[in-house]
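Now for the letters of each chain:
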Amino acid sequence: MPDQPRHHKPATPGAAFFEDLGGGADPALLREAGDRAASLLVRGARDTDDPAVVDRVLHLAETEGLETLAQVWAGAPPDTLAGSLWRLYVLRAWVHASPTAVAREYDAGRSRAQVARVVAGVADPPGPEELKAMVDETLRGIAGGDFAVTLLRAAAFARVVATGRAGTQGTSHDETVRMLTLSEQLESAGHLEMRHALD
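On a predicted model such as this, the values are computed, not experimentally measured, just so you know.

Parameters at a glance
- Residue positions are counted from 1 within each chain, in the order its sequence is given.
- Side-chain atom pairs in this predicted model are given and counted only at pLDDT of 80 or more, local residue features only at pLDDT of at least 70, and totals for whole chains, interfaces and linings cover all residues.
- Hydrogens and waters are ignored; side-chain quantities use all the structure's heavy atoms.
- Think of it this way: any DSSP run of H or I at least four residues long counts as a helix, any run of E at least two long counts as a strand, and we number them from the N terminus.
- Take the number of residues in a helix, subtract one, and multiply by 1.5 Å to get its expected span.
- Partly exposed describes any residue whose relative accessible area lies between the buried limit of under 20% and the exposed limit of over 50%, with all areas from a 1.4 Å probe on protein chains only and scaled to the type maximum.
- It is the directions from the helix axis to the C-beta atoms whose arc is reported.
- Buriedness for pockets is judged along seven lines, at least five of which must meet protein on both sides within 12 Å for an open set on the 1 Å grid over protein atoms alone, while cavities are sets there where a 1.4 Å probe fits but cannot get out, and lining residues have an atom within 4 Å of a point.
- Grid points are joined across faces, edges and corners, and a volume is the space filled by probe spheres set on the points.
- Three classes are used, and their members are as follows: Ala, Val, Leu, Ile, Met, Phe, Trp, Tyr, Cys and Pro are nonpolar, Asp, Glu, Lys and Arg are charged, and the others, Gly among them, are polar.
- Note on contacts: a residue pair qualifies if any of its non-hydrogen atoms lie within 4.5 Å across the two residues.
- Polar contact is the term for a pair of N or O atoms within 3.5 Å; when the atoms are in protein, one must be able to donate a hydrogen and the other to accept it, and sequence-neighboring residues count only if both atoms are side-chain atoms.
- Put simply, a nonpolar core is a bunch of buried Ala, Val, Leu, Ile, Met, Phe, Trp, Tyr and Cys residues held in one set by side-chain atoms that sit within 4.5 Å of each other.

Asker: How do you make sense of helix H2 (residues 27–44) when you look at a structure like this?
Answerer: Working note: α-helix, 3.6 residues per turn, so residues spaced by three or four point in the same direction. With 18 residues, H2 should reach 26 Å at 1.5 Å per residue; the first-to-last C-alpha distance of 24 Å fits that figure. The set of residues buried in H2 consists of Leu30, Ala33, Gly34, Ala37, Ala38, Leu41 and Val42. Buried positions in H2, seen along its axis, are confined to an arc of 155° and lie on one side of it.

Right under this line is the structure:
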């Protein structure tokens, strides 16, 4: 009787994987390893209903350190899996680090970015805790949902914040442009993912 196929839990890179990416590594090898890790996270954990896997992906920046992820993904182009993941984790880290400021900027932008506000899916009114919950729920889509939707929701959220920044005194033009650029990059990556063209 032929062997039955074995089904394995989706793999996600962990500490052992990232420990192998030392600071003196060849940039080309580091980029290749980063691409591999991004593919494992997005493609390997897709369609999992294991909450532990989803939770591990969500908290990757905390367990491995944002600096480690930066070393692996920060230089990746925005139209790649690795570049998209880097932007999502940076967005989450920023929301968790400054939830009150984020809530103020989001609130300032929501009346002028109605469609984006609806796509982002933030509770009304958007307090600090609601925004942290929204960004976490969005990033859970990396492993347990539609990655294109994850990217588009994050893009919509960043667009509302950028709109709020544009109308807020004390916010520099550069900060507004950076957030708008992040929104556009995530949106573009989301459309690539819908066409199965995000690698």
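Asker: Got a minute to help me understand the layout of surface pockets in this structure?
Answerer: Empty space within the largest pocket amounts to approximately 200 Å³. At the level of secondary structure, the elements contributing two or more residues to the lining of the largest pocket comprise helix H6 (81–97) and helix H12 (173–194). With six residues, H12 is the single largest residue contributor to the lining of the largest pocket. Each residue belonging to the lining of the largest pocket can be placed in one class, and the counts come to five nonpolar, two polar and three charged.

Asker: Help me out: how do you make sense of the environment of Arg87 in this one?
Answerer: When you line up the elements, Arg87 lands in helix H6. Accessibility expressed as a relative area gives 13% for Arg87, which makes it buried. Sequence spacing of Arg87 and Leu186 is 99 residues, and the spatial spacing of their C-alpha atoms is 7.6 Å. The contact partners of Arg87, leaving out residues within four places of it in the chain, are Ala76, Pro77, Pro78, Leu182, Gln185 and Leu186. Looking at Arg87, its side chain comes within polar contact range of the side chain of Gln185, at 2.8 Å.

Asker: What exactly am I supposed to notice about unusual backbone geometry here?
Answerer: As a rule of thumb, non-glycine residues mostly have phi less than zero, and peptide bonds are mostly trans rather than cis. One non-glycine residue, His196, lies in positive phi territory at about 60°. By the element assignment, His196 lies in the segment after H12. With a relative accessible area of 72%, His196 lands in the exposed category.

Asker: Is there a simple way to explain H12 in this structure?
Answerer: Given a rise of 1.5 Å per residue, 22 residues ought to cover 32 Å, and the 32 Å separating the end C-alpha atoms of H12 matches this to within 8%. Within the sequence span of H12, burial applies to Thr176, Met179, Leu182, Ser183, Leu186, Ala189, Gly190, Leu192 and Glu193. Buried residues belonging to H12 abut H2, H6 and helix H11 (147–166). Remark: His196 follows H12 within two positions and exhibits a positive phi of approximately 60°.

Asker: Help me understand the nonpolar core in this model?
Answerer: Grouped burial of nonpolar side chains is what soluble globular proteins tend to show. In terms of nonpolar packing, the biggest core is built from 46 residues, with Trp73, Leu85, Tyr89, Ile142, Phe147 and Phe157 touching the most fellow members. For this core, the element with the highest residue contribution is H11, accounting for nine residues. Filtering out sequence-adjacent residues up to four positions away, Trp73 remains in contact with Gly34, Ala37, Ala38, Leu41, Leu60, Ala82, Leu85, Trp86 and Tyr89.

Honestly, it's all geometry; don't read function into it.
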